[in-house]
Amino acid sequence: MADVLRRAVRAKEPAVPATESAPAGRRLGKLGGRGRRGQSHLLFLLPAVAYLVAFLGYPVVKNVVMGFQHYTTSTFYTGEAPWAGLANYRAVISSSVFDKALLNTLLFTVGSIAGQFLIGLAIALFFRRRFPLSGVLRSLLLLPWLVPLIVSSAVWRWILDQDNGVLNRFLGALHLVQDRPGWLTSTSLALFAVIVVNIWIGIPFNVAILYGGLQDIPEELYEAAALDGATGWRAFRHVTWPLLRPVVSVVLVLGVVYTVKVLDVILGLTNGGPANATQTIASQSYQLSFQQFDFGQGAALGNVLIVISLVFAVLYLRANRRAVEQ
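Numbers given for residues are sequential positions, taken from 1 along each chain in its written order. In keeping with the predicted nature of the model, local features appear solely for residues at pLDDT of at least 70, side-chain atom pairs appear and are counted solely at 80 or more, and the whole-chain, interface and lining totals rest on all residues. To get the side-chain values, take all heavy atoms of the structure and skip hydrogens and water.

S.K.: Looking at this structure, I do not really get the nonpolar core. What am I missing?
M.R.: Among soluble globular proteins, nonpolar side chains are generally buried collectively. Formed by 20 residues in total, the largest nonpolar core has its most connected members in Phe117, Leu121, Leu210, Leu244 and Val248. Those elements giving two or more residues to this core turn out to be helix H5 (98-127), helix H10 (190-215), helix H11 (219-227) and helix H12 (233-259). If we skip the residues at most four places from it in the chain, Leu210 touches Phe117, Gly120, Leu121, Ala124, Leu244, Val247, Val248 and Val251. Remark: nonpolar core denotes a set of buried residues (Ala, Val, Leu, Ile, Met, Phe, Trp, Tyr, Cys) joined through side-chain atoms within 4.5 Å. For every residue, the accessible area (1.4 Å probe, protein chains only) is compared with the maximum for its type, and the residue is labelled buried under 20%, exposed over 50%, or partly exposed between those bounds. Counting residues in each nonpolar core, the second largest holds 19 residues, with Leu171, Leu184, Val194 and Val265 among its members. A run of H or I in DSSP counts as a helix once it spans at least four residues, and a run of E counts as a strand once it spans at least two, with each numbered from the N terminus. Throughout, a contact is declared for two residues whenever any of their heavy atoms are within 4.5 Å.

Here you go:
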């Protein structure tokens, strides 16, 4: 009798269809598959993360730590680097060279960025129009950017030489100057000459990036603007510049970050002279570290340079974001 009652109860219970349990199983399988794919993606990222930590993160952290230590050549043998606190920063900031180097860094950066950007934008706008051999000329414009900086500096040092330089001979042949200017030996001309050389080196980078941005602007917008009478300067102001602004932001921020730490050009042309006329924070940091072997003060000055670059980048990006939102 009990067996009969159990069969009756089981008969009244609703059976779970097999079709309902199958989708649940498939969903669990999909979740498991996604988890495994996520883990495999992390495995592919590990080499890149390890590279960034080893070759970017560690040097930055090490440089920050060195800025607070008395780190000299003896440290490499003894392993001892006494803690200095803010002594290195006080030493470099109170130095008689720091104010001159800071001003030269500002003038060098502003002059180089302004010249590179304006000339690069003009050339990019010129090459926006198709004409024979335009591709060949654009390729030749990349040569100054491809040549190693120390090689470019050596060539320009020969060109700007006071006695046998090509530039002074050319100006003398045209009777434009009476005395041969000391482009690299005069305290009033050396910084200007270094800025001009750095402008020449940085123009190709600006042309390449800005030309790519101009190519992304649809031609139909210029045709529509022309129907409204906006041509020439008005078309540039109302069509080209607003659409090119994101690219301009990238060019300027990268340009400042690259220019503020330029070292090869200054070392190759003037080595910071004459009389610290071309001394910048980057070149002073190099001299402290690798000529005076005071790595602690050199690292401290390098950290000051990093902070200056970060402050400029943050301020400019915030200002540009506000302009775009308005």
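S.K.: Got a minute to help me understand the environment of Pro204 in this structure?
M.R.: Within the secondary structure, Pro204 sits in helix H10. Taking C-alpha positions, Pro204 is 10.0 Å from Phe117, a pair spaced 87 residues apart along the chain. Not counting chain neighbours up to four residues away, the residues in contact with Pro204 comprise Leu141, Leu142, Pro144 and Trp145.

S.K.: Whenever I open this one, the packing of aromatic side chains confuses me. Can you help?
M.R.: Each aromatic ring pair is summarised here by two numbers: the centre-to-centre distance and the angle between the ring planes. A pair of Phe, Tyr and Trp rings is counted when the ring centres sit within 6.5 Å of each other, with Trp represented by its six-membered ring. The angle between the planes then sorts it: under 30 degrees is stacked, over 60 is edge-to-face, the rest tilted. This model, assessed by the stated rule, comprises 16 aromatic pairs. On the basis of an interplanar angle of 10° and a centroid distance of 5.7 Å, the ring pair of Phe68 and Trp83 is categorised as stacked. On the criterion of sequence distance, the pair formed by Phe68 in the loop between helix H2 (18-66) and helix H3 (75-78) and Trp83 in the loop between H3 and helix H4 (87-93) is long-range, its members being 15 residues apart. A centroid spacing of 6.0 Å and a plane angle of 80° characterise the contact between Phe290 and Phe295, whose relative ring orientation is edge-to-face. For Phe295, a relative accessible area of 11% translates into the label buried.

S.K.: Mind showing me how you'd approach the side chain of Thr109 here?
M.R.: Among the structural elements, Thr109 can be located in helix H5. Think of a polar contact as two N or O atoms within 3.5 Å of one another; within protein, one of them needs to be a possible hydrogen donor and the other a possible acceptor, and neighboring residues in sequence only count if both atoms come from side chains. Only 2.7 Å separates the side chain of Thr109 from the backbone oxygen of Thr105, close enough to count as a polar contact. When neighbours within four sequence positions are excluded, Thr109 is seen to be in contact with Val256, Thr259 and Val260.

S.K.: Help me out: how do you make sense of unusual backbone geometry in this one?
M.R.: The phi torsion of most residues other than glycine is negative, and most of the peptide bonds are trans. The omega angle of the peptide bond from Gly273 to Pro274 is -5°, so this bond is cis rather than trans. Note on placement: Pro274 falls in the loop between helix H13 (264-269) and helix H14 (281-290). Here the phi dihedral of Asn271 falls at roughly 55°; this positive angle occurs in a residue that is not glycine. For Asn271, the position within the fold is in the loop between H13 and H14.

S.K.: Sorry if this is basic, but what is going on with the confidence of the model for the protein here?
M.R.: Low pLDDT marks regions whose predicted coordinates should not be analysed in detail. Taken residue by residue, the protein gives an average pLDDT of 84. The fraction at 70 or more is 87%. Confidence of the predictor in every single residue is expressed as pLDDT, which spans 0 to 100. When the elements of the protein are averaged for pLDDT, helix H1 (residues 2-12) gives the smallest value, 45, and H5 the largest, 94. Within the model, the stretch residues 4-9 combines pLDDT values under 50 with zero contacts to residues more than four positions away or in other chains. Note on residues 11-22: pLDDT under 50 across the span, and zero contacts to partners over four residues away in sequence or across chains.

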